[in-house]
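Residue strings, one per chain:
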Amino acid sequence: MRAVVFDRYGPPEVLRVEDVPVPSPGANQVLVEVAATSVNLSDWEGLTGSPGYARIGGLRAPARRVLGSDIAGRVAAVGSGVTRFRLDDEVYGDNLGLMGGFAEYAVAPEAALAHKPEELTFAEASTLPQAGSIALQGIALARRGQRVLINGAGGGAGSFAIQLATLAGAHVTGVDNAGKLDFMRELGADEVVDYRSEDFTRIGRYDLVLDLVSHRSVFPYWRALARGGRYLGVGGNVRTLLGVATVGAALGLLTGRRLGVLIVRQGPKQFTPAAERCIAGDLRIHIDRTFSLDEVPQALASVGEGCARGKVVVTP
């Protein structure tokens, strides 16, 4: 099969397409003929090996030669212990543990997959497992009348988070680069901020801050919170996330403005509600562009460099 592989951390240029053996599923695994794989920021981190947590399991070289976790496709084979899926079933899921989606076939644990709703295309379904889970869990605390700020709101998880916060009745501020301001407004953001020209930690106080790209010290984030407010960091550099988990937690105990790291729960129970809301018409999936396997370097660059509006999808 054709797969996009890499052997060392680095820029997109280290990727190449190779013919490799089709993997065989283990006892509780499923072999999926991949129809679509969406690109997440975690793929970019896995490619570059940065932040440091991206190297867990592979300090000097990548633990997995093929990236791509959010897959959708058809079951091509099942392991001896698989009971929920049969040949040709249409499935989707977040295969973050094994990766392998930037290929024609990928092996995934049965527990990571769900049956794909017939109302969604393979490309649409592939956008939901990771980004949908982050958005649902990150915005779960939003309530009507609250002020909610989403940093990195023009990307995959952010585009869903804007819509969910708006549906909850919150006043939503979206932060991203200038090229995404109109896009965030279209999704429902009441206010938009270009982070390159304005510091969102100095423009107001918020009841909830969902930060998808944490790169600052703890204190500016604390300053941006209203009394009783909550800051949740998801992605970003290790120093910031450690600071939020330690100093931020202590500040929360002392001041009532709570800061913490969102530990995202994985699995079908976390992302299938996003699919249900898409089917109901509450959530809109925006696919910025679809790339081929040969174009995976460009696909990863568009996400890693912050150019993509919404989701980017790769189709073999």
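Remember, predicted model here, so these are calculated numbers, not experimental data.

1. Some thoughts on the pattern of salt bridges
Part 1: Throughout the structure, instances matching the rule amount to 14 salt bridges.
Part 2: Here lysine 180 and aspartate 176 are joined by a salt bridge, their closest N and O atoms 3.7 Å apart. Note on accessibility: lysine 180 and aspartate 176 belong to one class, buried.
Part 3: Residue aspartate 199 pairs with arginine 216 through a salt bridge whose shortest N-O separation is 3.1 Å. Of this pair, aspartate 199 sits in the loop between strand 10 (191-194) and strand 11 (206-211) while arginine 216 sits in the loop between strand 11 and helix 6 (218-223); the two residues are 17 residues apart in sequence, bridging distant segments of the chain.

2. Looking at the nonpolar core
Part 1: With 45 residues, the main nonpolar core has Leu128, Ile139, Val148, Ile150, Ile162 and Leu210 as its most contacted residues.
Part 2: Put simply, the parts of the chain that give this core at least two residues each are helix 2 (122-126), helix 3 (129-138), strand 8 (147-151), helix 4 (156-167), helix 5 (181-187), strand 11 and helix 8 (268-280).
Part 3: Mapping this core onto the domain boundaries places at least three of its residues in each of domain 1 (2-116 + 286-314) and domain 2 (132-261).
Part 4: Not counting chain neighbours up to four residues away, the residues in contact with isoleucine 139 comprise Val148, Ile150, Ala161, Leu164, Ala165, Leu208 and Leu210.
Part 5: Of all hydrophobic cores here, the second largest spans 26 residues; its members include Ala3, Val5, Phe291 and Ala308.

3. Section: a nonpolar patch on the surface
Part 1: Side chains of Tyr53, Ile56, Val238 and Leu242 sit close together on the surface and give an oily, nonpolar patch of about 380 Å² of accessible area.
Part 2: Position of valine 238 among the secondary structure elements: in helix 7 (residues 238-255).

4. Things to note about the packing of helix 3 against helix 8
A packed helix pair is summarised by two numbers, namely the angle formed by the two axes and the spacing between the axes.
Part 1: Between helix 3 and helix 8, the shortest axis-to-axis distance is 8 Å and the interhelical angle comes to 90°. On the basis of the axis angle, helix 3 is roughly perpendicular to helix 8. Side by side, helix 3 and helix 8 meet where Pro129, Gly132, Ser133, Leu136 and Gln137 of the first sit next to Gln270, Phe271, Pro273 and Ala274 of the second.
Part 2: Tallied by class, residues from the contact of helix 3 with helix 8 come to five nonpolar, four polar and no charged.

5. Concerning the packing of aromatic side chains
Part 1: Under the defined criterion, the tally for this structure stands at three aromatic pairs.
Part 2: With a centroid separation of 6.4 Å and 20° between ring planes, the pair formed by phenylalanine 200 and tyrosine 221 is classed as stacked. Here phenylalanine 200, found in the loop between strand 10 and strand 11, pairs with tyrosine 221, found in helix 6; they are 21 residues apart in sequence, far enough to count as distant. Grouping residues by exposure puts phenylalanine 200 and tyrosine 221 together as buried.

Rules and cut-offs
- Residues numbered from 1 in each chain as written.
- Predicted model: local features only at pLDDT ≥ 70, side-chain atom pairs only at ≥ 80, totals over all residues.
- Heavy atoms only, no water.
- Salt bridge = Lys/Arg side-chain N within 4 Å of Asp/Glu carboxyl O.
- Buried < 20%, exposed > 50% of the residue type's maximum accessible area, 1.4 Å probe, protein only.
- Helix = DSSP H or I, 4+ residues; strand = E, 2+ residues; numbered from the N terminus.
- Core = buried A, V, L, I, M, F, W, Y, C linked by side-chain atoms within 4.5 Å.
- Domains from an automatic or database assignment.
- Contact = heavy atoms within 4.5 Å.
- Patch = residues over 30% accessible without salt bridge, like charges linked within 9 Å, V, L, I, M, F, W, Y side chains within 5 Å.
- Areas by Shrake-Rupley, 256 points an atom, 1.4 Å probe, with all protein chains shown as cover.
- Axes fitted to C-alpha atoms, helices over the stretch in contact; angles between N-to-C directions.
- Parallel < 35°, antiparallel > 145°, perpendicular 65-115°, else oblique.
- Nonpolar A, V, L, I, M, F, W, Y, C, P; charged D, E, K, R; others polar.
- Phe/Tyr/Trp six-rings, centres within 6.5 Å; stacked < 30°, edge-to-face > 60°.

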